[in-house]
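Take a look at the letters that make up each chain.
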Amino acid sequence: MPEEDLVELKFRLYDGTDIGPIRYSSASTVSMLKERIIADWPKDKKVIPKAANDVKLISAGKILENNKTVGQCKAPFGELPGGVITMHVVVQPSLAKSKTEKKVEDSPRKTFCGCVHGNQDKRRNKRGT
């Protein structure tokens, strides 16, 4: 494989640590990158993705689609001759798993503000309460 068909990537995790840099073919798909990330994921992390769908890759502010190749995504990367491209990794567990793992309440939660502002205390003092 010619040298120019390889792209050097590293993946920045949520805590600032990196996986890589690793060289990938321009023909590698985003889905393939995600599988490699899961395989290389540090075991000491609190959040561990279980499947490729649990991982989102972000580069140049865009979420990369699974079926796109590194070569197709290269345009937003810009031209960095010999440079390492950093992609950000976001772990987002799939909804199907989280719904089965958590008990979902039938009634919507009521939200309220429990704040006490300084002016309310002054009014109470004036009224003698």
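Because the structure is a prediction, the values reported are computed rather than measured. (Residues numbered from 1 in each chain as written. Predicted model: local features only at pLDDT ≥ 70, side-chain atom pairs only at ≥ 80, totals over all residues. Heavy atoms only, no water.)

Visitor: Just checking my understanding: could you explain the packing of aromatic side chains for this structure?
Guide: Working definition: an aromatic ring pair is given by the centre-to-centre distance plus the angle between the planes. Following the criterion strictly, the structure yields two aromatic pairs and no others. An angle of 70 degrees between the planes, with centres 6.1 Å apart, marks the rings of Phe 11 and Tyr 24 as edge-to-face. Note that Phe 11 is positioned in strand S1 (residues 6–12) and Tyr 24 in strand S2 (residues 18–25), a separation of 13 residues in sequence. One exposure class covers both Phe 11 and Tyr 24, and it is buried. (Phe/Tyr/Trp six-rings, centres within 6.5 Å; stacked < 30°, edge-to-face > 60°. Helix = DSSP H or I, 4+ residues; strand = E, 2+ residues; numbered from the N terminus. Buried < 20%, exposed > 50% of the residue type's maximum accessible area, 1.4 Å probe, protein only.)

Visitor: I keep staring at unusual backbone geometry and nothing clicks. Help me out?
Guide: Negative phi is the rule for most residues except glycine; trans is the rule for most peptide bonds. The amide bond that connects Gly 20 to the next residue, Pro 21, takes the cis arrangement and shows omega of 15 degrees. As for its position among the elements, Pro 21 is in strand S2. Positioned with a positive phi, Ala 60 is a non-glycine residue whose angle comes to about 55 degrees. Positionally, Ala 60 belongs in the loop between strand S3 (55–59) and strand S4 (62–63). For Ala 60, a relative accessible area of 53% corresponds to the exposed category.

Visitor: What should I look at first to understand the pattern of salt bridges in this one?
Guide: One side chain can pair with another of opposite charge once the charged atoms of both are near each other. For the structure on display, the rule yields four salt bridges. Between Arg 12 and Asp 18 there is a salt bridge, and its shortest N-O distance comes to 2.4 Å. Asp 18 gets classed as partly exposed once you look at its relative accessible area, which sits at 33%. Notably, a salt bridge pairs Asp 40 with Arg 36, separated by 2.7 Å at the nearest N-O pair. Of the two residues, Asp 40 and Arg 36 are both situated in helix H1 (residues 30–40); the distance of four residues between them amounts to about one turn of the helix. Judged by relative accessible area, Asp 40 falls into the partly exposed class, the value being 32%. Ionic contacts of the salt-bridge type, sharing partners, join the residues Lys 10, Arg 12 and Asp 18 into one network. (Salt bridge = Lys/Arg side-chain N within 4 Å of Asp/Glu carboxyl O.)

Visitor: How should I be thinking about the pairing of S2 in this particular structure?
Guide: Sheet topology note: the S1/S2 ladder contains six bridges and is antiparallel. Residue pairing across strands places Val 7 opposite Tyr 24, the latter belonging to S2. Between the end of S1 and the start of S2, which pair antiparallel, lie five residues, with Gly 16 showing a positive phi angle near 95 degrees. (Pairing = 2+ DSSP bridges.)

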